[in-house]
Amino acid sequence: LGNVINVNDDSNSKTNAALANGLNYVGKEITYKSELFNYDGTKPVQMSINVSDGANQGTLQIFNKQGTLVFEDKDIADRSGTRGFLWNGFDKDGVKAPNGQYTVKLNVTNTAGDKVDADASFVGVGQSVLSSGSAVSIEVNNTGVPLSNIMQVRPVPVVATTGT
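Remember, predicted model here, so these are calculated numbers, not experimental data.

What counts, and where the lines are drawn
- Residues numbered from 1 in each chain as written.
- Predicted model: local features only at pLDDT ≥ 70, side-chain atom pairs only at ≥ 80, totals over all residues.
- Heavy atoms only, no water.
- Salt bridge = Lys/Arg side-chain N within 4 Å of Asp/Glu carboxyl O.
- Helix = DSSP H or I, 4+ residues; strand = E, 2+ residues; numbered from the N terminus.
- Buried < 20%, exposed > 50% of the residue type's maximum accessible area, 1.4 Å probe, protein only.
- pLDDT = per-residue confidence, 0-100.

*Asks:* Any chance you could break down the pattern of salt bridges for me, citing the residues and the numbers?
*Replies:* Counted according to the given criterion, the structure contains three salt bridges. Residue Glu-35 pairs with Lys-105 through a salt bridge whose shortest N-O separation is 3.2 Å. With a gap of 70 residues between them, Glu-35 in the loop between strand E1 (29-33) and strand E2 (36-39) and Lys-105 in strand E7 (residues 100-109) connect regions that are remote in the sequence. A relative accessible area of 43% places Glu-35 in the partly exposed class. Residue Lys-105 is classed as partly exposed on the basis of its relative accessible area, which comes to 36%. Of the charged contacts, one joins Lys-43 and Asp-40 as a salt bridge, the two residues approaching to 3.5 Å between their closest N and O atoms.

*Asks:* Give a detailed account of unusual backbone geometry, specifying residues and quantitative values.
*Replies:* Of note in this structure, Asn-141 is not a glycine but carries a positive phi near 55°. Tracing the chain through its elements places Asn-141 in the loop between strand E10 (135-140) and strand E11 (143-146). A relative accessible area of 31% places Asn-141 in the partly exposed class. Although it is not a glycine, Asn-142 adopts a positive phi angle of roughly 60°. Residue placement: Asn-142 occurs in the loop between E10 and E11.

*Asks:* Would you mind going over the confidence of the model for the chain in detail, with residue names and values included?
*Replies:* The pLDDT averaged across the chain works out to 86; a share of 88% of its residues lies at or above 70. Element-level mean pLDDT values for the chain span from 73 in helix H1 (residues 13-25) up to 95 in strand E5 (residues 69-73).

Here is the structure:
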């Protein structure tokens, strides 16, 4: 809240409620669905792959900001459920990808070849509230996340330290 410059009264109660919720999320650990993520060029990117019932085959693809395919895993979703996935930042040729914004796409099908719902989720700390008109989002991992994509909010876990 120390960075708030101005607050205006908005007659739209839905927007006010969304802003209030958003402010409550700042500094909290947020799990959110997104196709977009930022890669810093050094640390691997941890995501969860969430796949609905009926999955038989699935492909995960990562594209750079220009829309060029950077990475592909053709065996990502052979069953339903949630599993972790760690992208080490290397492209399909084994070359380290540059920092920047990337998009993850999941194409999952059942045995009949019909599409099965699947999405990627990420975890990060809410950094700020972004508002444009009636649209409110939270900045997490340097990405604007609409409130509707937030799956879980909880206090940031305290890391235990031992003294010597």
